[in-house]
Amino acid sequence: RNIKELVCVCELDAAVFLCFFLGGGGTQTGGSAVVASGLGEGQRLLSRAKRGWVWNQMFVLEEFSGPDPILVGRLHTDLDVGGKSIKYILAGEGAGTIFAINELTGDIHAMKRLDREEKAEYTLTAQVINAETDEPLEPPSEFIIKVQDINDNPPQFVQAPYQASVPEMSAVGTPVTRVTATDADDPVYGNSAKLVYSILEGQPYFSIDPNSGKRFALQGMDREMREEYLVVIQAKDMGGHMGGLSGTTTVTITLTDINDNPPKFSKNLYEFVIPEDLPIGKMGGKVKANDRDTGENSKSTYGIVEGDDQGVFEIITDSQTQEGILQLKKPLDYESKRAYNLKVEATNVRSEPGSGPFKDTATVKITVEDSDEPPVFSKPIYQLEVNENAPINTIIGTVTARDPDSTGSQVRYFIDRHTDLERQFNINVDDGKITLAKLLDRETDMWHNITVTATEVRNHSQISRAIVAIRVMDINDNAPEFATEYEAFLCENGKPGQVIQTVSAVDKDDPIQGHYFNYRLVPEMLNNPNFTIKNNQDNSISVLAKHDTFRRQKQEMYFLPIIVTDNGHPPMSSTNTLTIRVCGCSKDGIVQSCNVEAYVLPIGLSMGALIAILACIVLLLVIVVLFVTLRRHKNEPLIIKDDEDVRENIIRYDDEGGGEEDTEAFDIATLQNPDGINGYLPRKDIKPDLQFMPRAGQHSGPNGVDVDEFINVRLHEADNDPTAPPYDSIQIYGYEGRGSIAGSLSSLETTSSDSDQNYDYLREWGPRFRRLGELYSVGESDRET
């Protein structure tokens, strides 16, 4: 259509003319190749190829969006002459849908919108056939339709929106981030995909490279002034020229913190009032230094730099709140110092190189508040000494305590009797002198540890305690004695001078210079013809035989009294007797027999056999005694009926059978008259050393029995008994108490014989409940009666 010019290109080798129609009007171009009739060799070549026409291999068509079909090109063959019946057909990509051909003229039209971004090329096949027989007149030929790009796609930011960060106070030109836009148009055809970047919003803080998309920051941006910036970036194609398409994106830029701000106390002077009895380690106040930075840059540590020479206070950092916690390292004393002026300092944990100082100071004024303190002993532990022979009321020592308050209350002293159960010591309540209340015995208890309490007269709740360790000093009041009960054995065939026994002594006393014992025979035994003693120089002696004529028939046993004397002041002595038996021994000196009866034993009966016979006799006697005892107990009745013995039978059914074997007798004499025993009943679990005055018994009620009051009295006595073990021992009685709304649950008090309850079902429970059914079930005759 509107053909203005036909351009023909001659290929000399093939003698073929390729002609293109150049269409006029608009930018659309198209063309159709036809074959002109050639001359000479070219015509012969076409005849040999049996081909009457060829097409050019490519058509170029701009993408468009118009509603009308557009001519892509025209196909023509030299067979289309005269009235010959031919038909053009088209096959391949988009044939029949996107591209349509006029069967008679060979014109190819684009029927739909073409989009290069969807498909840039189409490969088609054209052929000429007989319109009547559909037989191909020529071989098919392939050609390409290429879609030429137009600028119909704007730039797009695929990764939008963007997040970026840059440290505050960064230098000019510091790279922040890179943004990238893409354009779907053809990058090699024209400037449709050539992008240029610019900032629409965010100046003058940031700049961008128009070609690479790199973004740079300006100097002096302070996070504490503004932390976040929103920058709008534009990308425009066509090299940024007029008529180009554009796309935008947003970039959120956050300034990261650096440590460029020092800590700052909220006020220059802090004032705290701390009581003097504040425990060590407890908080006395808080200080806070604020830092405009964040994270690690805002953390600070606190310290005391002035005003605490004695180290009474310390200040630590609370990791959660970043506060400085002021607490005590030593106790306060209002009477010695009533005020403190401290200078505290807050320092950043982290600091930037070459910057600072990152610290601040403040003054802390502390006023000590007076508190009522308990008395203070002059010593926490007292060590006293007393001789074990000291008489009663001897002053052992003195403890002193004072009221540390400025008012100076008077102090009273007491002994904690839980630490002096024997009540061996007393204390003067006014001056703290400790005296002896009972005689002491070092050999029984060498140390006595008691607790003394001091109480203010003005305020009895203010109590302090001190430990008094009393050491009982030894005196020579125990005579030495043999270390054990010695029994020596003397062989008949021994030699004169043989050692019969080595004897040593012990003494309960403990002299400072150690023990030294002196042994000697009693005066009447000094000229003993049989034995003598020898000092071994180690507090022991050896007993020696003087001759070898000892015989069991003559004398079987000898007694040798020995006097042992210690070196105390005054010296103590005791007489101990050594028993010496004469025995028959072997040649090696081994004792075989020490009894005279061994000489008169029958020849055929040994000592072992005699012992076995005696053991059998004793065993038979034991069996007979046990048998008689069991028979006697078996014949005794289960219940002893005595007119003077008032008991009740309580039947307990611990199993399903029951019977007389379940009957147990309980003595309830105590329940009948709990107040019949006058006076204090000693405890049976321990042996108390303290005796209490007897208490008058409580008067019973009208019926003579008041178990409730009896239990309360016994419970009170157990709670106030210092000699009792650390638990309460009480017997539990099945007593319902007075004033019960339900009244008595016992069936014994029922006065009426009529009952609506029917227990006949007990007969159906089997033989185990037969006896119970007979007791509770009644027949018709009983009911009528």
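Residue positions are given per chain, counting from 1 as you read along its sequence in written order. The model is predicted, so local features are restricted to residues of pLDDT at least 70 and side-chain atom pairs to those at 80 or more, both for listing and for counting; the totals for chains, interfaces and linings are taken over all residues. Processing note: side-chain calculations cover all non-hydrogen atoms of the structure and skip hydrogens and water entirely.

In the annotation of an unreviewed UniProt entry, the chain is listed under the name Cadherin 8 and assigned to Takifugu rubripes. Quoted verbatim from the Function (unreviewed entry) field of the UniProt record, the comment on the chain reads "Cadherins are calcium-dependent cell adhesion proteins." UniProt positions are given in the numbering used here, feature names are shortened, and annotations may be inferred rather than shown by experiment.

Attention now moves to the pairing of strand E9 (residues 141-148). For every residue, the accessible area obtained with a 1.4 Å probe (protein chains only) is divided by the maximum for its type, and the residue is called buried under 20%, exposed over 50%, and partly exposed between those limits. To qualify as a helix, a DSSP run of H or I must reach at least 4 residues; to qualify as a strand, a run of E must reach at least 2; elements of each kind are numbered from the N terminus. Of the two faces of E9, only one is covered, namely that formed by Ser141, Phe143, Ile145 and Val147; the face formed by Glu142, Ile144, Lys146 and Gln148 stays uncovered. For two strands to be treated as a pair, DSSP must find no fewer than two bridges joining them. The pairing of strand E3 (residues 58-62) with E9 spans five bridges and is parallel. What sits directly across from Glu62, in E9, is Gln148. By the bridge criterion, six bridges tie strand E8 (residues 121-130) to E9 in an arrangement that is antiparallel. Considered in E9, the bridge of Ala126 is made with Ser141.

What follows deals with the confidence of the model for the chain. Residue-level confidence of the predictor is what pLDDT reports, using numbers from 0 through 100. This prediction gives the chain a mean pLDDT of 75; 74% of its residues lie at or above 70. Mean pLDDT across the elements of the chain ranges from a minimum in strand E2 (residues 16-23), with 33, to a maximum in strand E32 (residues 425-427), with 95. The contact definition used throughout considers only heavy atoms, calling two residues in contact when any of these lie within 4.5 Å. The low-confidence segment residues 1-55, where pLDDT is below 50, has 95 contacts with residues more than four positions distant or belonging to other chains. Taken together, the stretch residues 643-647 has pLDDT below 50 and engages in six contacts with residues farther than four places along the chain or on a different chain.

This part covers helix H4 (residues 707-719). For H4, spanning 13 residues, the distance from its first C-alpha to its last is 18 Å, which sits close to the expected 18 Å at 1.5 Å a residue. Taken together, the buried positions of H4 are occupied by Val707, Phe710, Val713, Glu717 and Ala718. Burial along H4 is one-sided: seen end-on, the buried residues are contained in an arc of 135°. Every helix has an expected span of 1.5 Å times one less than the residues it contains. Think of it as the arc spanned by the lines of direction from the helix axis to the C-beta atoms.

Turning next to the sheet that holds strand E33 (residues 433-436). The three strands lie next to each other as E29-E33-E32, forming an open sheet whose pairing is antiparallel. In the strand order of this sheet, the two ends are held by strand E29 (395-398) and E32, each with one partner. For this sheet, the mean inter-axis angle between neighbouring strands, taken without regard to orientation, is 25°. Summarising the sheet, E29 and E33 pair through three bridges and their orientation is antiparallel. Pairing of Thr398 across the sheet is with Lys433, part of E33. Helix axes use the C-alpha atoms of the stretch in contact, all axes being lines fitted to C-alpha atoms, and the angles between their N-to-C directions lie in the range 0 to 180 degrees.

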